[in-house]
Amino acid sequence: MLLSRGVVAVMKQIQFERGTVRGIRVHVLPTDQFKTYAISIYVGRPLEEDTVTPTALIPFVLRRGSQSYPETKQFRERLDDLYGAGFGFDVYKRGDYQMVQFKMDVIQDDFVASSESLLGQALQFLGEAVTQPARENGHLLRKYIDTEKETVRKKLEAIVNDKIRYAAERCIEEMCSEEPYRLHPLGKISALADIDAASLSSAYESWLKRAPIDIYVVGDTKLEDVLPLVSQYFVVDREAEAGYERKPQHRRVGEVKEVIERLDVNQGKLNMGLRIPTSYGDDSYPAALMYNGILGGYPHAKLFTNVREKASLAYYASSRLDGHKGILTIQSGIEIANFAKAVAIIKEQLQAMEQGQISETELQQTKAMITGHLRELQDSAFELISFDFNNRLSGAERTVPKLIEAVEAITPAHIQTMARSVELDTIYFLTDSKGGQ
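Quick caveat, the model's predicted, so the values are computed rather than measured.

What follows concerns the pairing of strand S3 (residues 24-30). Most of S3 sits inside the fold, with six of its seven residues counted as buried. Two elements, strand S2 (residues 17-21) and S3, share five bridges in a ladder whose sense is antiparallel. Paired with arginine 18 across the two strands is histidine 27, which belongs to S3. The sheet contact formed by S3 and strand S9 (residues 213-219) spans six bridges and is parallel. Residue pairing for S9: leucine 29 is matched across the bridge by valine 218.

One way to see where empty space is left: roll a probe the size of a water molecule over the atoms. Taken as a whole, the largest pocket encloses approximately 1500 Å³ of empty space. In terms of lining, the largest pocket is formed by 49 residues, of which the most central are Lys93, Arg94, Arg320, Leu321 and Asp322. When residues of the lining of the largest pocket are assigned to their parent elements, the largest contribution, seven residues, is made by helix H13 (residues 381-394). Within the lining of the largest pocket, the residues separate by chemical class into 25 nonpolar, 15 polar and nine charged.

The next point concerns the sheet that holds strand S10 (residues 257-262). Strand order in the open sheet made by the five strands is S10-S14-S11-S13-S12, with mixed pairing throughout. The open sheet has two free edges, formed respectively by S10 and strand S12 (314-322), since each of these has just one partner strand. Neighbour-to-neighbour, the strand axes of the sheet open up by a mean angle of 15°, direction not taken into account. When S12 meets strand S13 (residues 327-334), the two strands line up antiparallel, connected through eight bridges.

Tallied over the full model, the rule gives 23 salt bridges. Between glutamate 362 and lysine 302 there is a salt bridge, with the nearest N and O atoms lying 3.2 Å from each other. In this pair, glutamate 362 sits in helix H12 (residues 360-376) while lysine 302 sits in helix H10 (residues 302-310), placing the two residues 60 residues apart along the sequence. You'll find glutamate 362 and lysine 302 in the same group, each marked buried. Among the salt bridges present, the one from arginine 308 reaches glutamate 309, with a minimum N-O distance of 2.2 Å. Of the residues examined, glutamate 309 reaches a relative accessible area of 42% and is grouped as partly exposed.

Moving on, we get to the nonpolar core. One finds Ile41, Met104, Leu123, Trp207 and Phe234 to be the most contacted residues of the largest nonpolar core, which totals 67 residues. Formed by 48 residues, the second largest nonpolar core is a distinct cluster that contains Ala287, Met353, Phe387 and Ile427.

Right, let's talk about helix H4 (residues 142-161) for a bit. Here H4 is 20 residues long and its end C-alpha atoms lie 29 Å apart, about the 28 Å a rise of 1.5 Å per residue gives. Inspection of H4 places Tyr144, Ile145, Glu148, Lys149, Val152, Leu156 and Ile159 among the buried residues, and these make up the whole buried set. For H4, the angular spread of the buried residues around the axis is 135°, confining them to a single face. Within H4, the exposed residues directed more than 90 degrees away from the buried face are Lys154 and Asn161. Residues of H4 that are buried in the fold lie against helix H1 (52-62), helix H2 (72-81), strand S8 (139-140), helix H5 (163-175), helix H6 (189-192) and helix H7 (197-210).

Right, let's talk about the packing of aromatic side chains for a bit. For the coordinates displayed, the defined rule picks out 13 aromatic pairs. Ring centres 5.6 Å apart and planes at 85° place the aromatic pair phenylalanine 87 and phenylalanine 125 in the edge-to-face group. Taken together, the positions of phenylalanine 87 in strand S5 (residues 86-94) and phenylalanine 125 in helix H3 (residues 118-131) put the pair 38 residues apart, joining distant regions of the chain. The buried category is assigned to phenylalanine 125, whose relative accessible area is 3%. Both rings, one in tyrosine 280 and one in tyrosine 285, keep their centres 4.9 Å apart while their planes meet at 50°; by these two values the pair is tilted. When its relative accessible area of 5% is taken as the criterion, tyrosine 280 is described as buried.

How each quantity is defined
Residues numbered from 1 in each chain as written. Predicted model: local features only at pLDDT ≥ 70, side-chain atom pairs only at ≥ 80, totals over all residues. Heavy atoms only, no water. Buried < 20%, exposed > 50% of the residue type's maximum accessible area, 1.4 Å probe, protein only. Helix = DSSP H or I, 4+ residues; strand = E, 2+ residues; numbered from the N terminus. Pairing = 2+ DSSP bridges. 1 Å grid on protein atoms, 1.4 Å probe; cavity = no way out; pocket = protein on both sides within 12 Å on 5 of 7 lines; lining within 4 Å. Points joined across faces, edges and corners; volume = space filled by probe spheres on them. Nonpolar A, V, L, I, M, F, W, Y, C, P; charged D, E, K, R; others polar. Axes fitted to C-alpha atoms, helices over the stretch in contact; angles between N-to-C directions. Salt bridge = Lys/Arg side-chain N within 4 Å of Asp/Glu carboxyl O. Core = buried A, V, L, I, M, F, W, Y, C linked by side-chain atoms within 4.5 Å. Expected span 1.5 Å × (residues − 1). Arc of directions from axis to C-beta. Contact = heavy atoms within 4.5 Å. Phe/Tyr/Trp six-rings, centres within 6.5 Å; stacked < 30°, edge-to-face > 60°.

In structure tokens, the structure reads:
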């Protein structure tokens with residue numbers, strides 16, 4: 001075990017204590033602010049065609065049972081025994097990485113009459129769920145694999161039925177056709193059929209042994225108490241500590257790609273993908289936050305005000321920034337006949353940003369929205385964890401007060417400079433199948 005200390009200040013100068021166990025990074029935030037222990041485990045690996053689908057399937061299977069509680073009913077009843085502890089997981093992208101995150105919250109020991117620490121029991125439950133799953137003949141249970149393959153298949157199929165999500169995913173696929181980021185974090189339906197107990201067990205073992213793992217605990221405890229628990233309950237033969245590539249590669253745009261896709265839809269979905277040459281760990285990130293906020297991040301933004309409200313060309317219009325990838329996407333729903341007009345007026349908003357046409361109201365409202373969200377982070381243990389992990393993932397040593405200070409210092413000139421570096425990459429339009437534009 002290696003003990004060290006790092007600092008992440010969140011308004012109240014909160015400090016995460018840090019250590020490692022068998023190549024697993026452990027981060028503990030001692031605080032009496034909350035009445036529960038918040039535990040989060042991040043397991044990441046690069047997005048790759050061959051591994052994205054089995055990796056996505058793994059947590060669905062792990063949630064079904066462990067060696068101590070091999071039946072799903074037993075597994076869930078154990079959570080009830082822990083005073084109704086919450087347990088869940090998510091699979092998503094952070095830049096070109098596929099992240100699997102397990103989350104658990106359990107009431108703190110001071111609030112219950114338990115002879116055994118609930119934190120210890122929670123870490124035991126999580127450790128077994130992640131590192132000691134239910135098996136038969138050395139493999140993950142086939143009955144759980146077959147059931148959860150169907151679960152993942154239905155989730156992927158549901159994207160097609162949700163045309164807003166579908167258009168967003170298709171725009172990214174086209175924009176990043178030669179990059180790992182094109183892959184959906186849940187993988188591909190076509191890859192599910194070939195997964196069996198042997199292949200998924202092999203993928204699981206590789207994932208557990210080689211992927212970077214970060215364990216977070218927030219609550220009334222300290223690192224020296226958590227490390228022995230992690231050592232006892234997260235029993236895995238890991239190689240040297242794995243990390244993340246810190247700097248995404250920003251691609252230059254050649255000719256703007258235009259993609260028209262036809263399906264049975266009544267409303268057109270116009271999405272645009274833009275390259276923004278900054279990322280979470282860069283000093284220019286606060287300017288990127290402000291750029292996105294003023295362009296389309298909030299109800300007062302240019303896209304909503306000018307495209308939806310004034311021109312009445314869109315049912316919705318907004319933008320989203322992926323700071324870990326350096327990509328900004330615009331989403332809008334329009335009448336199919338308004339494609340050319342909508343493209344033109346959205347481009348006008350991009351040009352207005354380049355020309356520095358930013359009002360004092362837009363500037364101050366956007367700063368208030370961003371800094372208000374940042375100040376609210378201190379009220380959620382899992383938000384504190386997420387903020388710190390973003391630092392670990394990007395190599396940033398950014399605190400909430402410093403980020404607020406940086407956002408407050410942004411001027412229209414900073415945003416204009418950022419706007420002039422943004423490049424339109426892809427225009428994607430989901431239209432009807434009748435032959436209209």
